[in-house]
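Fold and contact review
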Amino acid sequence: MSTPASCPSVLFVCVHNAGRSQMGAAFLTHLGGDQVEVRSAGSAPADAVNPAVVQAMAEVGIDISAETPKVLTTEAVQSSDVVITMGCGDACPVFPGKRYLDWQLDDPAGQGVDAVRPIRDAIEQRVRGLLTELDITAAA
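About the criteria used
- Along every chain, residues carry numbers that run from 1 in the direction the sequence is written.
- Only residues with pLDDT of at least 70 get local features here, since the model is predicted, and only at 80 or more are side-chain atom pairs given and counted; chain-wide, interface and lining totals rely on the full set of residues.
- Derived side-chain values reflect all non-hydrogen atoms in the structure, with water molecules and hydrogen atoms excluded from consideration.
- In this analysis, strands are considered paired if DSSP registers two or more bridges between them.
- Each helix is a run of H or I in the DSSP string that is no shorter than four residues. Each strand is a run of E no shorter than two, and both are numbered from the N terminus.
- Note on definitions: angles span 0 to 180 degrees between N-to-C directions of axes, and those axes are lines fitted to C-alpha atoms, for helices only across the stretch in contact.
- Three exposure classes are used, based on accessible area relative to the maximum for each residue type with a 1.4 Å probe and protein chains only: buried under 20%, partly exposed in between, and exposed over 50%.
- Within 3.5 Å is the distance limit for a polar contact, defined as a pair of N or O atoms, with the added protein rule that one can donate a hydrogen and the other accept it, and that residues adjacent in sequence qualify only through two side-chain atoms.
- Whether two residues are in contact is decided by their heavy atoms: any pair within 4.5 Å suffices.
- Here a Phe, Tyr or Trp ring, Trp counted by its six-membered ring, pairs with any other such ring whose centre lies within 6.5 Å, and the pair is stacked when the planes are under 30 degrees apart, edge-to-face when over 60, and tilted otherwise.

Taking an unreviewed UniProt entry as the reference, the protein chain is identified by name as Phosphotyrosine protein phosphatase belonging to Streptomyces cellostaticus.

Set out below in structure tokens:
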């Protein structure tokens with residue numbers, strides 16, 4: 001899917017790219033559609049997306065079962081307008097001119113779906129706020 005040049009680009013980063021950043025990317029893709037370019041990555045990617053995260057997202061109608069954790073690259077940061085970190089600490093490279101947001105969220109690693117749901121819901125609310133800031137109308 002190609003996106004227009006004027007389309008903002010957002011990168012979600014957490015350590016394992018198996019939970020929070022995957023949920024953020026999935027919500028932004030789902031709600032922003034082709035109005036935004038979405039990436040996610042991890043500073044130390046896991047082997048697979050957290051199954052409780054996949055289940056929690058399926059409960060709200062978003063299938064991320066085919067997603068795989070990706071390694072954070074300098075190029076991904078450089079080509080993004082907004083970089084949202086979710087507990088990756090100092091592992092995220094910082095470049096001038098980028099907008100950085102740090103979303104403090106519990107880590108769903110090792111948690112069951114009951115613990116993941118409130119994290120999922122907090123991420124959805126933040127993504128909706130981000131869409132408003134980017135002047136993008138969220139999909140219904």
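On we go from here.
1. Considering the sheet that holds strand E4 (residues 99-102)
If you walk across this open sheet you meet the four strands as E2-E1-E3-E4, and the pairing is parallel. The sheet is open, and its two edges are formed by strand E2 (37-42) and E4, each paired on a single side. On average, each strand axis in the sheet is tilted by 20° relative to the strand beside it, whichever way the strands run. The pairing of strand E1 (residues 9-14) with E2 spans six bridges and is classified as parallel. Bridge pairing in E2 links serine 9 to glutamate 37.

2. What to know about the side chain of arginine 120
Note that arginine 120 resides in helix H4 (residues 113-133). Owing to a relative accessible area of 7%, arginine 120 belongs among the buried residues under this scheme. Within the local environment of arginine 120, its side chain forms a polar contact with the side chain of aspartate 121, the two groups lying 2.9 Å apart. Setting aside residues up to four positions removed in sequence, arginine 120 forms contacts with Met23, Phe27, Ala56, Met57, Glu59 and Val60.

3. Observations concerning the packing of aromatic side chains
With the rule as written, the count across this model stands at one aromatic pair. Geometrically, the ring pair formed by phenylalanine 12 and tryptophan 103 is edge-to-face, given 5.9 Å between the ring centres and 65° between the ring planes. With phenylalanine 12 in strand E1 and tryptophan 103 in the loop between E4 and H4, the pair connects residues that are 91 residues apart, well separated along the chain. The same class applies to phenylalanine 12 and to tryptophan 103, which are both buried.

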